[in-house]
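What follows is each chain in one-letter form.
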Amino acid sequence: MNKNQLKKLKEAILKKERLVFDTLSQKQTKEMVTFNNAYKNFLDRSKTEREAAEQIIAAAGKKGFVDIDSFSGKTTAKPGQKIYKVFHNRCVGLAVLGKEDPAGGTHIIASHIDSPRLDLKQNPFYEDLDMGLIKTHYYGGIRKYHWLAIPLALHGTVITGSNKKIDITIGEDPDDPVFTITDLLPHLAGKTESDKKIPDLFVGEKLNLVAGSMPLGDKTEKDRFKLHLLHLIHERYGLTEEDFVSAEIEAVPAEKARDVGLDRSMIGAYGQDDRICAYTSLQALLDAESPRKTALALFFDKEEIGSEGSCGAKSNFLEDFMSDLLLVSGQSADNRFLRKALINSRCLSADVNAAMDPDYKEVHEPMNAARLGYGICITKFTGVRGKSGSNDASAEFVGKIRHIFNKNKIVWQTGELGKIDEGGGGTVAKFLAEFGMNVLDCGPAILSMHSPFEVSSKADVYMTYLGYKAFYEDTAG
Ligand code: MN
Ligand code: MN
C-alpha cells in the first residue's frame, strides 16, 4: 500500500478524537461565550435544588410554559403546547408536546439538581469556648477537608410554628457575613495527624460552622453566645430555635462562578454536578424547534444520596407526569397506554463524568477516560467492579445517539468512570431504564467533581447544549 492509500485507509477506518475548540467557527465561539455567561448566572442563582427548580420554572414561564394543573381535566393541549410540572418545590418536569402521540414514545433528558453540601442538623445551635457554632450533617459524597477554611453561605427554607414558610439566604450579598469551618494549623498538625488515615483525620462531627464570638448579656448569662446567634436570626427572620426542626438549610460555598484560566476557557463553580446538565438540557428544550416526539426535561432531587424519596428518580414522578401528559393531549392514560409511552421513550441520563486529571492520571484508563474539551461524553455504563449497579446501555441505543450526534456535527467522546476496580459511581440511568425505555448516560466531563469548585470546559458546556438539542429535534424513526 502506498502512502496515499494508507492515508485514505486511516481516514476511513480510524476513530477520530476532536477537541471542540478545533471545530468551532468564530460565530460559534461567540455563542459559546454568551451561553456560558448565562450558565454562570444560573449557577449563582441555583445553589440548592429548590433554587434551581425556581430558576427552571421562571425560565420556562418566560417561554410560555404553563402549569399542568391549569388544564384541570381539560384535554385541550395541542402539539407544540409547553407544559411544566413542579413537585414539592424540588423536582421539575418540562414538556413540549410533539406532533406524534406521546403514547408512541417521547424524548427524555433527565438530570439532577441536588449537589453535595453540608445540611444543618435539626438542633444545630450551640456554643463552645465562647464561640457560637452550628452543627452540620454532610449530604452526598464529599471529601470533608474540601469544606474547611473556606467561606460558606447558608441557603434554605424554614417552616415556622405558625406554618409560615421563610426562605433564608445569608452569605451571598457582598455585605453579608459568611460562615466557615476551621482547620488545624500545620504547626500543630504533625503529632495528631502523623499516624492517622484520611477517614480518621476528617470527622463528620467536626464539620461545625463558626457563626459568632460576641455574647448577648453579661457574664452571669448562660449560653449567651448561642443566644446571640438565635437573637440575630430572630431579628432578621423572626425564627425561633424550634423552627429549625422543620427546616432544610444548606451550607454551600459562598463564592460565585468564575472564569478559570488566562484564556477564560473554563468555568469554576460549586454545584456543576449536575446543574451543568440541568442548564444545558433546559436551554436545549426551550430552544428545540417543534419536536416530532414529545420532548421532556426532568430535573430530579436526591441523586447524590441514591435517588431516594418523593422527588428522586426512584419516585413515581415520571409516571405521574406522563399520565398527565397523555390525558391533557386527549389520550387514554390507562395503565397499558402509560406503560407503552414509557417503554417507547428514549432517554439521555444527563450527568457529568470525570475528566482525566493531569495530576491523577493513575486512576484513569487513558484509552477510555473522558477528557476536558473533547465534547459531550457518552458513558455506556457506570457502576463498580464488574459494572455492578449500572444500566449498561444497549449497542442499538448507543448507535442511535452516535448517529444523531454525527449527523448534527456534535463533537462527542466516550467515557468510563475510572480504571476497572478503582472505584465507581452511578446515575439516575438505571431507575429510568426500569420502565423499559432505552437510557444512555450522556453529559460533559468535569474536573474536581464533588468539590466546592468544580471545573468545566466552556466548549463542553456549549457542545452539551447542542447535543441535547439535536436529540430533542431528531426526526428519524
Ligand atoms: Mn451527578
Ligand atoms: Mn454527583
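Scroll up to find the structure.
Residues numbered from 1 in each chain as written. Chains lettered and ligands numbered in written order. Predicted model: local features only at pLDDT ≥ 70, side-chain atom pairs only at ≥ 80, totals over all residues. Heavy atoms only, no water.

## Some words on the coordination of the manganese ion (ligand 1)
- Bound to the manganese ion (ligand 1) are the protein donor atoms H112 (NE2), D273 (OD), D351 (OD) and D351 (OD), situated 2.1 to 2.5 Å from the metal.
- Within one chain, the residues donating to the manganese ion (ligand 1) are spaced in sequence as H-x160-D-x77-D.
- Separating the manganese ion (ligand 1) from the manganese ion (ligand 2) is a gap of 3.3 Å, which D273 spans by donating to each of them. One end of the pair, H112, is in strand β4 (residues 106-112); the other, D351, is in the loop between β14 (346-349) and β15 (353-354), with 239 residues separating them in the sequence.
- Given the relative accessible area of 1%, H112 is considered buried. (Donors = N, O, S within 2.8 Å, 3.2 Å for Na, K, Ca; no water. Helix = DSSP H or I, 4+ residues; strand = E, 2+ residues; numbered from the N terminus. Buried < 20%, exposed > 50% of the residue type's maximum accessible area, 1.4 Å probe, protein only.)

## Examining the packing of helix α8 (residues 317-328) against helix α9 (residues 335-343)
- Where α8 meets α9, the axes come as close as 10 Å, and the angle between the chain directions of the two elements is 110°. With respect to each other, α8 and α9 are oriented roughly perpendicular. When α8 is examined against α9, the residues L318, E319, M322, S323 and L326 are found in contact with a partner set consisting of F337, L338, R339, A341 and L342.
- Classifying every residue of the contact of α8 with α9 gives seven nonpolar, one polar and two charged. (Axes fitted to C-alpha atoms, helices over the stretch in contact; angles between N-to-C directions. Parallel < 35°, antiparallel > 145°, perpendicular 65-115°, else oblique. Contact = heavy atoms within 4.5 Å. Nonpolar A, V, L, I, M, F, W, Y, C, P; charged D, E, K, R; others polar.)

## Some details on the environment of K15
- Note that K15 resides in the loop between α1 (3-13) and α2 (26-45).
- By relative accessible area, K15 is classed as exposed at 52%.

## Here's the deal with the state of the cysteines
- The tally for this structure, following the rule as stated, stands at zero disulfides.
- With no disulfide of its own, C91 lies 5.1 Å from the sulfur of C311, the closest cysteine sulfur.
- Summary of cysteine pairing: C442 is not part of a disulfide, and the nearest cysteine sulfur, belonging to C377, is at 7.6 Å. (Disulfide = S-S within 2.5 Å.)

## Describing the coordination of the manganese ion (ligand 2)
- Only D273 (OD), E304 (OE), E304 (OE) and H450 (NE2) from the protein reach the manganese ion (ligand 2) as donors, at distances of 2.1 to 2.6 Å.
- When the donors of the manganese ion (ligand 2) are listed by position in the chain, the intervening gaps give D-x30-E-x145-H.

## Some words on unusual backbone geometry
- With omega at 20°, the peptide bond leading from D273 into D274 counts as cis.
- Relative to the assigned elements, D274 resides in helix α7 (residues 272-287).
- A positive phi angle, near 70°, is found at N163, a position not held by glycine.
- Along the chain, the position of N163 falls in the loop between β7 (152-159) and β8 (165-170).
- Taking relative accessible area as the criterion, N163 reaches 66% and is therefore assigned exposed.

## A word on the sheet that holds β4
- Taken in spatial order, the nine strands line up as β1-β2-β3-β13-β4-β14-β20-β16-β18 in an open sheet, and their pairing is mixed. Of all the strands in the sheet, just β1 (66-67) and β18 (412-414) have a single pairing partner and so form its edges.
- The strands touched by helix α10 (residues 395-407) are β14, β16 (376-379), β18 and β20 (438-443); relative to β20, the strand with the most contacts, the crossing angle is about 45°. (Pairing = 2+ DSSP bridges.)

## Some words on the packing of α2 against α7
- Here α2 crosses α7 at 125°, and the two axes come no closer than 10 Å. Classed by the angle they form, the pair α2 and α7 counts as oblique. Here α2 and α7 pass one another in a crossing that is right-handed. Facing α2, whose interface residues are F35, A38, Y39, F42 and L43, α7 presents Q272, R275, I276, Y279, T280 and Q283. (Left-handed = near helix turned anticlockwise from the far one by under 90°.)

## Quick word on the packing of aromatic side chains
- Tallied over the full model, the rule gives 13 aromatic pairs.
- Relative to F244, the ring of F125 has its centre 4.9 Å away and its plane inclined at 85°; by these criteria the two rings are edge-to-face. On the criterion of sequence distance, the pair formed by F125 in strand β5 (residues 117-128) and F244 in the loop between α6 (224-237) and β10 (247-253) is long-range, its members being 119 residues apart.
- Classification of F125 as buried rests on a relative accessible area of 6%.
- Chaining the aromatic ring pairs together yields one cluster made of F35, Y39, F42, Y279, Y462 and Y465.
- R117 extends its terminal NZ or CZ atom over the ring of Y139, reaching a point 3.6 Å from the ring centre. (Phe/Tyr/Trp six-rings, centres within 6.5 Å; stacked < 30°, edge-to-face > 60°. Lys NZ or Arg CZ within 6 Å of the ring centre and 35° of its normal.)

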